[in-house]
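# Commentary on secondary and tertiary structure
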Amino acid sequence: MRHALKNAILALAIAPLGAWAQDYPAREIRSICNFSVGSGADIVVRYYSDKLAKLAGKPVVVENRTGVQGSLASEYVAHSKPDGYTIMITPASSTLAAARYMFKQLRFDPDKDFAPVTTLAKLSFAIAVDAKSPVRSIAELTEHLKKKPGHGAYATGSNTGQVTGELYKEMAGLSTTYVPYKETMSALADTISGRVDFMTYDITFLVPQARAGRIRILAVTSATRRAPLPDVPTMVESGFPGYDLAPWWGVVVPAGTPQAVVDKLADWFNQITQSEETKKFLENLATDPFPGSPGSMAALLKTEIDQWGRYARLAKIEPQ
């Protein structure tokens, strides 16, 4: 009798969660993007959001909340209602794992304020200059910068972009000024005009700009060369041993979101990532598929938080 009563109480406790997941989503989902319209991040977020809408049967509306190297969007999601209707598709290894080393006052906790859903993809960053510049290698860029007062300036708009630049500066013996940008196209315009000497952005954004003849990519930050850029060396090949930055994408929702909803989202996102259409899409962006689970992403995020601590110390980054 006692056993039957216990089972009945458990069934009543579980039923609402099951019903919630079964009915989810009942309305449109907001997909928050950390970076500006037209950026490499925006391209990925809009692709996955469109595919999610088809699987979920409800609209998925992308909202670009830019600023403070992606942290404004992260803060917004962290404090949103944990009901599954606000999600963030993000380069989590930088927007979340790096955040506590970049800012003195962080209005969200990367460990506690988010429920990881799943990983999506891995990519690389790169160092690029104006296509009209005579600089054609990292060695030539270093030589060029050392001839300038203060060693010039560089543009970026993300945590990973800053670490890319600061690691290069530290290892090359440069004091180049870091110039943060809220809008990707503004950074591109200032690189082309010569207001800054180089830019450090993800190759999702930089590859199309290089193909259009606007910029020249000098090196990628990953340990190996990328398929769309077979002639572009890595930073290691450019004379910087141990240089390896390979950010990854993931999906998070506010902490406290019902696990059944998190699992449902994880299943949908993994279906998207594992489709042949998505594999081709990611390949065109020089990005590798990286499906996962709530558990695997949570473990990876903890590892990355420690890793970013080492990056910040090596690059001598002071929290702002």
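Residues numbered from 1 in each chain as written. Predicted model: local features only at pLDDT ≥ 70, side-chain atom pairs only at ≥ 80, totals over all residues. Heavy atoms only, no water.

## Description of the overall build of the protein
In plain terms, the rule: Working definition: helices are DSSP H or I runs of at least four residues, strands are E runs of at least two. Numbering for both runs from the N terminus. Within these notes, the globule rule equals 2.2 Å times the number of residues to the 0.38 power, and the radius of gyration is based on C-alpha atoms. Relative accessibility decides the category of a residue: with a 1.4 Å probe and only protein chains considered, values under 20% of the type maximum give buried, values over 50% give exposed, and everything between is partly exposed. We call two residues in contact when some of their heavy atoms are within 4.5 Å. When charges are counted, Lys and Arg contribute as positive and Asp and Glu as negative, whereas His and the chain ends are disregarded. Just so you know, the charge point we use is NZ for Lys, CZ for Arg, CG for Asp and CD for Glu.
Secondary structure assignment for the protein yields 12 helices and 11 strands. Over its C-alpha atoms the protein spans a radius of gyration of 21 Å, differing by no more than 12% from the 20 Å that the globule rule assigns to 320 residues. In the protein, which comprises 320 residues, the share counted as buried stands at 54%. Pairs at least 24 apart in sequence give 77% of the contacts found in the protein among residues at least 6 apart. Counting 35 positive and 31 negative side-chain charges, the protein places the centres of these two groups 2 Å from one another.

## Some remarks on the packing of aromatic side chains
What describes a pair of aromatic rings is the distance from one ring centre to the other and the angle between the planes of the rings. The condition is simple: Two rings from Phe, Tyr or Trp (for Trp, the six-membered ring) form a pair when their centres are within 6.5 Å of each other. A pair whose planes differ by under 30 degrees is stacked, one over 60 is edge-to-face, and the rest are tilted. Cation placement over rings: the criterion is NZ of Lys or CZ of Arg within 6 Å of the ring centroid and within 35° of the ring normal.
Inspection of the entire model under this criterion finds 12 aromatic pairs. Plain terms: the ring middles of tyrosine 47 and tyrosine 48 are 5.8 Å apart, the flat faces sit at 85° to each other, and that makes the pair edge-to-face. Ring pairs connect the aromatic residues Tyr154, Tyr168, Tyr178, Phe198 and Phe240, which therefore count as one cluster. Lying across the ring of phenylalanine 290, lysine 122 places its NZ or CZ 4.7 Å from the centre.

## Some points on the layout of surface pockets
In plain terms, the rule: Throughout, the protein atoms alone are placed on a 1 Å grid, and a set of points is a cavity if a 1.4 Å probe fits but cannot get out or a pocket if it is open with protein on both sides within 12 Å along at least five of seven lines; lining residues have an atom within 4 Å of a point. Grid points are joined across faces, edges and corners, and a volume is the space filled by probe spheres set on the points. Under the scheme applied here, ten amino acids are nonpolar (Ala, Val, Leu, Ile, Met, Phe, Trp, Tyr, Cys and Pro), four are charged (Asp, Glu, Lys and Arg), and all others, including Gly, are polar.
Counted as a void, the largest pocket has a volume near 370 Å³. Forming the boundary of the largest pocket are 30 residues, of which Phe35, Gln69, Gly157, Ser158 and Tyr181 lie nearest the centre. Within the residue set of the lining of the largest pocket, elements represented by two or more residues are helix H2 (40–56), strand E7 (177–180) and strand E8 (198–202). Tallied by class, residues from the lining of the largest pocket come to 14 nonpolar, 14 polar and two charged. One number sums up the size of the second largest pocket: a volume of about 220 Å³. Only helix H7 (159–172) and helix H12 (294–314) provide two or more residues apiece to the lining of the second largest pocket. In terms of residue count, the dominant contributor to the lining of the second largest pocket is H12 (five residues). Of the residues belonging to the lining of the second largest pocket, the class tally is 10 nonpolar, three polar and two charged.

## Topic: unusual backbone geometry
Going from tyrosine 24 to proline 25, the amide bond is cis rather than trans, its omega being -5°. When you line up the elements, proline 25 lands in the loop between helix H1 (2–23) and strand E1 (29–33). Its identity is not glycine, yet valine 68 carries a phi of approximately 55°, on the positive side. On the secondary structure map, valine 68 appears in the loop between strand E2 (60–64) and helix H3 (71–78).

## Remarks on the packing of H7 against H12
Threshold: Axis lines are fitted to C-alpha atoms, over the contacting stretch for helices. Their N-to-C directions set the angle, which ranges from 0 to 180 degrees. If an angle is under 35 degrees, it is roughly parallel; if it is over 145, roughly antiparallel; if it lies from 65 to 115, roughly perpendicular; otherwise it is oblique. Working rule for handedness: look at the near helix, and if it is turned counterclockwise from the far one by less than a right angle, call the crossing left-handed; if clockwise, right-handed.
The interhelical angle for the contact between H7 and H12, taken along N-to-C directions, is 45°, at an axis separation of 9 Å. Considering the angle they form, H7 stands oblique to H12. In terms of crossing hand, the pair formed by H7 and H12 is left-handed. Judged by residue contacts, Asn159, Thr160, Val163, Leu167 and Glu170 of H7 engage Trp308, Tyr311 and Leu314 from H12. Among the residues forming the contact of H7 with H12, the class breakdown is five nonpolar, two polar and one charged.

## Looking at the nonpolar core
Applied cut-off: Among buried residues, those of type Ala, Val, Leu, Ile, Met, Phe, Trp, Tyr and Cys that are joined through side-chain atoms within 4.5 Å constitute a nonpolar core.
In terms of nonpolar packing, the biggest core is built from 43 residues, with Leu141 and Tyr168 touching the most fellow members. If you list the elements that add at least two residues to this core, you get H3, helix H5 (99–102), strand E5 (125–130), helix H6 (138–146), H7, strand E9 (215–220), strand E10 (248–254) and H12. If you tally residues by element for this core, the top one is H12, at six residues. In contact with tyrosine 168, not counting residues within four places along its chain, are Ile127, Ile138, Leu141, Thr142, Leu145, Leu174, Phe198, Met235, Phe240 and Tyr243. The next biggest cluster of nonpolar side chains, apart from the first, holds 35 residues, and it includes Tyr47, Leu265, Phe269 and Leu285.

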